[in-house]
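Tertiary structure, described
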Amino acid sequence: MALLTIVVPVYNEEGTIAALLDAVLAAPLPDGIEREVIVVDDASKDATASRLGAFAGEQRIRVFRQDVNRGQGAALRRGVQDARGEFVVIEDAALEYDPREYAKLLV
């Protein structure tokens, strides 16, 4: 079984993070590919952390929290560093990209 890692850098995304993670988890993938989601919270000052807490029981999601805001590049590096998948995609927490298109990248 192959693994796709979806890295999601977040900063103050309380309004979109739950919908985004629901969409990422529901996105169709080709047969034989599983997913893991790595969320890197770059020291959000809003309720992003508590919204992420709602996904604590979801085994496909790992959350890392930076204690100081270091910027999107640092959050991406952290997520990619901890990726376990053979394939890695970057997802935008503000719903700019459509998770239903992952399969197009993998065929």
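We now turn to the structure provided with this report.

Right, let's talk about the nonpolar core for a bit. If you look at the biggest cluster of nonpolar residues, it comprises 22 residues, and the most contacted ones within it are Leu4, Ile6, Val8, Leu21, Val37, Val39 and Tyr102. The set of elements that each furnish at least two residues to this core consists of strand 1 (2-10), helix 1 (17-26), strand 2 (33-41) and helix 4 (102-106). Not counting the four nearest positions on each side in its chain, Val8 is found in contact with Leu20, Val37, Ile38, Val39, Val40, Glu91 and Ala93.

Now for the pairing of strand 2. Most of strand 2 sits out of view: 8 of its 9 residues are buried. The pairing of strand 1 with strand 2 spans 9 bridges and is classified as parallel. When the bridges of strand 2 are listed, Val10 appears paired with Asp41. As for the winding sense of the linkage, the β-α-β connection from strand 1 through helix 1 to strand 2 is right-handed. The pairing of strand 2 with strand 3 (residues 61-65) spans 5 bridges and is parallel.

Glancing now at a nonpolar patch on the surface. On the surface, Val80, Val88 and Ile90 cluster together into a nonpolar patch covering about 220 Å² of accessible area. Following the sequence through the fold, Ile90 ends up in strand 4 (residues 87-90).

Calculation notes
- Each residue is numbered by its place in its chain's sequence as written, counting from 1.
- Totals for whole chains, interfaces and linings use all residues, but because this is a predicted model, local features are given only for residues with pLDDT of at least 70 and pairs of side-chain atoms are given and counted only at 80 or more.
- Heavy atoms from the whole structure form the basis of all side-chain values; hydrogens and water molecules are not counted.
- Side-chain atoms within 4.5 Å link the members of a nonpolar core, which is a set of buried Ala, Val, Leu, Ile, Met, Phe, Trp, Tyr and Cys residues.
- Residue exposure (1.4 Å probe, protein chains only): buried if accessible area is under 20% of the type maximum, exposed if over 50%, otherwise partly exposed.
- Under the scheme used here, helices are H or I runs from DSSP no shorter than 4 residues and strands are E runs no shorter than 2 residues, and both carry numbers assigned from the N terminus.
- A contact between two residues is defined here by any heavy atoms of the two lying within 4.5 Å.
- Note: two strands are recorded as paired if DSSP finds a minimum of 2 bridges between them.
- A crossover counts as right-handed when, viewed with the strands pointing away from the observer, the path leading from the first strand over the helix to the second turns clockwise.
- Surface patches are drawn from residues lacking salt bridges whose relative accessible area is over 30%; two like charges belong together within 9 Å, two nonpolar side chains (Val, Leu, Ile, Met, Phe, Trp, Tyr) within 5 Å.
- Here, Shrake-Rupley sampling with a 1.4 Å probe gives the accessible areas, and only protein chains in the shown set may cover a residue.
- One speaks of a salt bridge when a side-chain nitrogen belonging to Lys or Arg is within 4 Å of a carboxyl oxygen belonging to Asp or Glu.

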